[in-house]
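If you want the building blocks of each chain, they are given just below.
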Amino acid sequence: MTTTFFIIAILVLGFLITFQIAKASEYVAVIRGEEKSRKQTNKINAFLLLVFLIVGMFGVYYCNVKLEGKILKFGSADSDHGLLVDQMMKYTLIATGIVFVLTQVLLFWYCFKYQEKENQKAYFFPHSNKLELIWTAVPAIILTVLVTFGIVYWYRITGPAPKEAMTVEIVGSQFKWEYRYPGPDKELGQKYYKKIDPSAMNPLGQVWEDQLGHDDIYINGQDEPMHLVVNKPVKLVINAKDVIHDVGLAHFRMKMDAVPGTPTTMWFTPTKTTAEKIKETGNPDFVYEISCDQMCGSGHTNMRGTIVVETQEAFDQWIASKKPQYKIAMEVKRVADSTAAAGVAPVAPVAKDTVIAQLKH
Amino acid sequence: MSHAAHIEHSAVGFDSHHDGDHGHHHKETFLTKYVFSQDHKMIAKQFLITGIIWAFIGGLFSVLFRLQLGFPDQSFPILETFFGQWAEGGKIKPDFYYALVTMHGTVLVFFVLTAGLSGTFANLLIPLQVGARDMASPLMNMLSYWFFFAASIVMLASLFIQTGPASGGWTAYPPLSALGQASIGSKAGMDMWIIGMALFIVSQLLAGLNYISTILNMRTKGMAMTRLPLTVWALFFTAVLGVLSFPVLLSGAVLLIFDRTLGTSFYLSDIFIAGEALPNEGGSAILYQHLFWFLGHPEVYIILLPAMGMVSEILSINSRKPIFGYMAMLGSMFAICILAFLVWAHHMFVTGLNPFLGSVFVLLTLLIAVPSAIKVFNWLTTLWRGSIRFTPAMLFAIGFVSLFISGGLTGIFLGNSTIDIHLHDTMFVVAHFHIVMGVASMFGMFAGIYHWFPKMYGRYMNNTLAYVHFWVTIVGAYLIFWPIHYQGLAGMPRRYLDKSQWVNFSQFHELDAMITIVTIIVFAVQLMFIFNFFYSIFKGRKVTTLNPWKATTLEWTTPINPGHGNWDGEIPEVHRWAYDYSKDGRDFIPQTEPVSENESTH
Ligand code: HEM
Ligand SMILES: [Cu+2]
Ligand SMILES: [Cu+2]
């Protein structure tokens, strides 16, 4: 509280001083002759513009030195597609970087150089077809190059997933991620949103009549990471239950919206295991994160999932330890049915929860 | 009424009869002069002052949520004092944070940089610069302000209702914005948001049609379209964009209302929320995004074009040189105007859009960078070999060019769908559009205010305060937004209010704190600007010459304090374009001066 007042007091004081100076300088200008003081201010501002350019360019450099260690370096992507994205960013950075320096230098340099001076006349120069042609054509050519690379990469990234790709479903809802693996048959069973019933162990709304879904494995993203296999393409089938979310995979440079009612997909090949990344970054806590990148409500900030990239053996071992959701749901149903049949009052939630907890392990 | 008669005359081109005392002969009451005024100059001031009030509110919101971002662990008891349950324990709650962000965006994009900017300068400058006594329909013009005022009241009221204002982002994507169960801000606050926006759209349509017809029909004698100052051209294109795109937003909003209240399923399908499956099936959440961005992208140019026009004018006047490439400037604005309608899906590259369509939008999006580049090079050439006067307006115009370059170049990253996969919805986008649209257009607006303040109030603003305002703001703007690109390059999503639990996004503590401190300073300096503005209305140095900036355009041929009707005598006739600066050894030649025989041609 005191600091708040302190800050406000300083601001007010600073303002009062500035205001007094401002008023005084206006009087002085009137007394000394407005033209004369205008010319002086002109010089000061021209000089400041030049200073701004130099300090600004240094600032850009300094900012880069300070922050480059904290970003995802171009070329460090952990997926095949990510490397394409990085490549494209590099080309674009080079092209835009040159234009940036060139135009900013010209802008501020001209301002300084052509400030109003005694006996310097402005040059009447209303147009020049040649110049205008040049700066229509050159940007157009540069952009064509960028567009061409961009579109080629884009088609590669959004093209159909290879046949050997594994499929994983990821479903967003306020404010968590859930995953589904297709099981040995490599196909996901059907879902229908009206079948969603967490208490009946059907959190994704699988249609049990569909045989394909009987071996599907459900993973709650709040308890467990998504497991992927290194160097094996993965195709994510993306869904949302309530509002739009977005599967953001910064290290893989991938992203795709999760839209209720309209499934989307994306595929990529992770190229490093989590263990390798831990070694590479020297950060024992390193983990691939799934961020929700589309504003989805009050818990948007905390809608976090994680991914483990591992070898095929490790993955096989992990998936073998999982029970298909169908089995879990059916066992819950059987317990519920039998208690009901035995004439006992409907299962108390607590009892049901213990059953579920046991079934899961 | 006699000024109505004049309007008819000027509609045909010029004003034939002479009567000296315009605007003085019917008794004006306070109400007709300041409130229900039909004088375009007064309406301009109404838009400006309402815009300034909104800018204050929108800016204050950003200070509040920057406090959260800069100091997520700290509590600010003063917040609880003011906001009670929304900031319990002095900490901003997520719902409150999102409400602040949403209203910040809505207010600044629509109420400040659309209504405040176009509303002010289209109203002020179109009649004055084309040589008309008023708008084509002063009544419609007045209504456009009052619809805006009504929109403002509704939006403002939504801040005070119990469930708070809309909080689904300024883009208000459904289903989040359609379902009260999804977010507290999607309850009554969202209804008020939609109503407010609908009123706002009506205001924009009334205004836009009026601007267009004034420019097309009411130019004074000799004012061919190709002699119009670029400000008027820019405002013309702005109005065309608005008239064609706002109805689409309205339709999007109406369908949203239907989904919210009538149980229709335009945007809703397969939704299981709050433990319950909704009946809606078959809608498309993405449809809304198409409707929104069909306005949304033109909207960013609606915001930018007036600034571009004023900057062109101010750069030319203060370099004492003609704007370089007048026709190229027109052509590029025209191209921007067309392309602005053909790029909307670049906001939707990762919504599951068909990849082929995506690639078409990449091509069209990067095409729009070409006219942007042309404009930049033309501005640079305008400065080249000039004789530059750094008035406060000129400095802001230069700042505008710098910011437009910086922000336009990052657009080239985002317009490339391959890169956008990575950068979409990260802080990089936030940095991009704040620089290119937010701050740049603000700079255009400041430039316009400093430049035309003498015309509006017959006084000058204080120069020293103006220079301090400029220097702190441009340094601050870069300090705030430049490093935010890096957060985006780290993959940090936008609209995250606390990164502490993330392994990969929590490395920017110090940076965030620095940005927040700079934000507070910059905000304080804007307060100083507001003070300077109001102080100078009453106490500023008086303007003593008709044409303080030695400009060629018609507004400086009116009296220092023009009455309703603008010119005391006949409306002057125009003989040349607006950019004869430093021609044939003369500092400037007003548009009203006939072309002499031995004048050089260009
Ligand atoms: C060189 C030209 C430009 C290109 C190629 C470009 C490209 C883009 C793209 C592709 C996006 C979407 C990014 C994303 O959400 O992932 C974007 C966002 C945006 N751009 Fe630009 N842009 C350009 C210039 C401008 C200008 C001149 C303005 C405003 C005057 C502007 C304002 C915006 C805004 C407001 C957004 C973000 C909207 C939101 O999601 O909240 N851009 N730009
Ligand atoms: Cu989210
Ligand atoms: Cu856009």
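Provided above is the structure to which this section pertains.
First, a word on scope: everything that follows refers to the structure included in this document. (Residues numbered from 1 in each chain as written. Chains lettered and ligands numbered in written order. Predicted model: local features only at pLDDT ≥ 70, side-chain atom pairs only at ≥ 80, totals over all residues. Heavy atoms only, no water.)

Before going further, it helps to spend a moment on the overall build of chain A. A tally of regular secondary structure across chain A gives 8 helices and 10 strands. The C-alpha atoms of chain A give a radius of gyration of 31 Å, which is well past the 21 Å a tight globule of 361 residues would have. Seen along its three principal axes, the alpha-carbon backbone of chain A occupies a region of about 105 × 55 × 40 Å. The proportion of buried residues among the 361 residues of chain A is 47%. Partitioning the intrachain contacts of chain A with sequence separation of at least 6 by distance along the chain shows that 70% fall at a separation of at least 24. Here chain A displays about 17,900 Å² of accessible surface, and carbon together with sulfur accounts for 65% of that area. Distance between charge centroids for chain A: 8 Å, based on 38 positive and 36 negative side chains. (Helix = DSSP H or I, 4+ residues; strand = E, 2+ residues; numbered from the N terminus. Rg over C-alpha atoms; globule rule 2.2 N^0.38 Å. Buried < 20%, exposed > 50% of the residue type's maximum accessible area, 1.4 Å probe, protein only. Contact = heavy atoms within 4.5 Å. Areas by Shrake-Rupley, 256 points an atom, 1.4 Å probe, with all protein chains shown as cover. Lys, Arg positive; Asp, Glu negative; His and termini not counted. Charge placed at Lys NZ, Arg CZ, Asp CG, Glu CD.)

This brings us to the coordination of the copper ion (ligand 3). Residue and element names in this part refer to chain B. Donor atoms from the polypeptide that coordinate the copper ion (ligand 3) comprise His297 (ND1), His346 (NE2) and His347 (NE2), at 1.8 to 2.0 Å from the metal. In the primary structure, the donors to the copper ion (ligand 3) are separated according to the pattern H-x48-H-H. Between the copper ion (ligand 3) and the iron atom of ligand 1, a spacing of 4.7 Å is present. Placement of the pair is His297 in helix H9 (residues 285-319) and His346 in the loop between helix H10 (326-339) and helix H11 (355-367), with a sequence separation of 49 residues. (Donors = N, O, S within 2.8 Å, 3.2 Å for Na, K, Ca; no water.)

In an ideal tetrahedron of four donors about a metal, each angle is 109.5 degrees. In an ideal octahedron of six donors, the angles are 90 or 180 degrees. Residues and elements named next belong to chain A. The protein atoms that coordinate the copper ion (ligand 2) are Cys292 (SG), Gln294 (O), Cys296 (SG) and His300 (ND1), at distances spanning 2.1 to 2.5 Å. Here the copper ion (ligand 2) binds 4 donor atoms, and the angle range of 89 to 124 degrees at the metal identifies the geometry as tetrahedral. Taken in chain order, the donor set of the copper ion (ligand 2) reads C-x1-Q-x1-C-x3-H. Judged by relative accessible area, Cys296 falls into the buried class, the value being 0%. (Tetrahedral: all angles 85-135°; square planar, octahedral: opposite > 155°, others 65-115°.)

Here the focus is the packing of aromatic side chains. Applying the stated criterion to the full structure yields 88 aromatic pairs over all chains. Aromatic pair Tyr192 of chain A and Tyr193 of chain A: ring centres 5.3 Å apart, planes at 70 degrees, arrangement edge-to-face. Arranged with centres 6.2 Å apart and planes meeting at 55 degrees, the rings of Phe121 of chain B and Trp452 of chain B form a pair that is tilted. Residue Phe121 of chain B is found in helix H5 (residues 94-130), and its partner Trp452 of chain B is found in helix H15 (residues 427-457); the two are separated by 331 residues along the sequence. According to the relative accessible area criterion, Phe121 of chain B is buried, its value standing at 0%. Directly above the aromatic system of Tyr457 of chain B lies the positively charged group of Lys45 of chain B, at a separation of 4.7 Å from the ring centroid. The ring of Trp384 of chain B carries the charged tip of Arg385 of chain B above its face, separated from the ring centre by 5.5 Å. (Phe/Tyr/Trp six-rings, centres within 6.5 Å; stacked < 30°, edge-to-face > 60°. Lys NZ or Arg CZ within 6 Å of the ring centre and 35° of its normal.)

So, on to the pairing of strand E7 (residues 254-258) of chain A. Working note: regular strand, side chains alternate between the two faces of the sheet. Among the 5 residues of E7 of chain A, 5 are classified as buried, and the element is accordingly described as predominantly covered. Linking strand E6 (residues 245-249) of chain A back to E7 of chain A in an antiparallel pair, the connection comprises 4 residues, with Arg253 of chain A at a positive phi of about 60 degrees. (Pairing = 2+ DSSP bridges.)

Time to look at the interface of chain B and chain A. In this assembly, 127 residues from chain B lie in contact with 115 residues from chain A. Contact between chain B and chain A buries roughly 10,700 Å² in total, counting both sides, with carbon and sulfur atoms accounting for 70%. Of all residues in chain B, the largest losses of buried area upon contact with chain A belong to Phe272, Ile421 and Tyr486 of chain B, amounting jointly to 7% of the total for that side. The shortest N-O distance in the salt bridge between Lys194 of chain A and Glu281 of chain B comes to 3.4 Å. Linking chain B to chain A there are 42 residue pairs in polar contact (both at pLDDT 80 or more). Of all the elements, helix H16 (residues 463-489) of chain B adds the most residues to the side of chain B that touches chain A, at 12 residues. Here the side of chain B that touches chain A is built from residues that sort into 79 nonpolar, 33 polar and 15 charged. (Buried area = accessible area lost by both parts, 1.4 Å probe. Salt bridge = Lys/Arg side-chain N within 4 Å of Asp/Glu carboxyl O. Polar contact = N/O pair within 3.5 Å; in protein donor to acceptor, adjacent residues only side chain to side chain. Nonpolar A, V, L, I, M, F, W, Y, C, P; charged D, E, K, R; others polar.)

Here the focus is the site of ligand 1. Residues and elements named next belong to chain B. Not every one of the 22 residues close to ligand 1 is listed here, only the nearest: Trp170, Asp420, His424, His432 and Arg494. Here Trp170 contributes a side-chain N or O atom positioned 2.9 Å from an oxygen atom of ligand 1. At 2.9 Å, a side-chain N or O of Arg494 approaches an oxygen atom of ligand 1. Put simply, the parts of the chain that give the shell around ligand 1 at least two residues each are H9, helix H13 (392-414) and H15. In terms of residue count, the dominant contributor to the shell around ligand 1 is H15 (5 residues). For the shell around ligand 1, the residue count by class is 12 nonpolar, 8 polar and 2 charged. (Near = heavy atom within 4 Å.)

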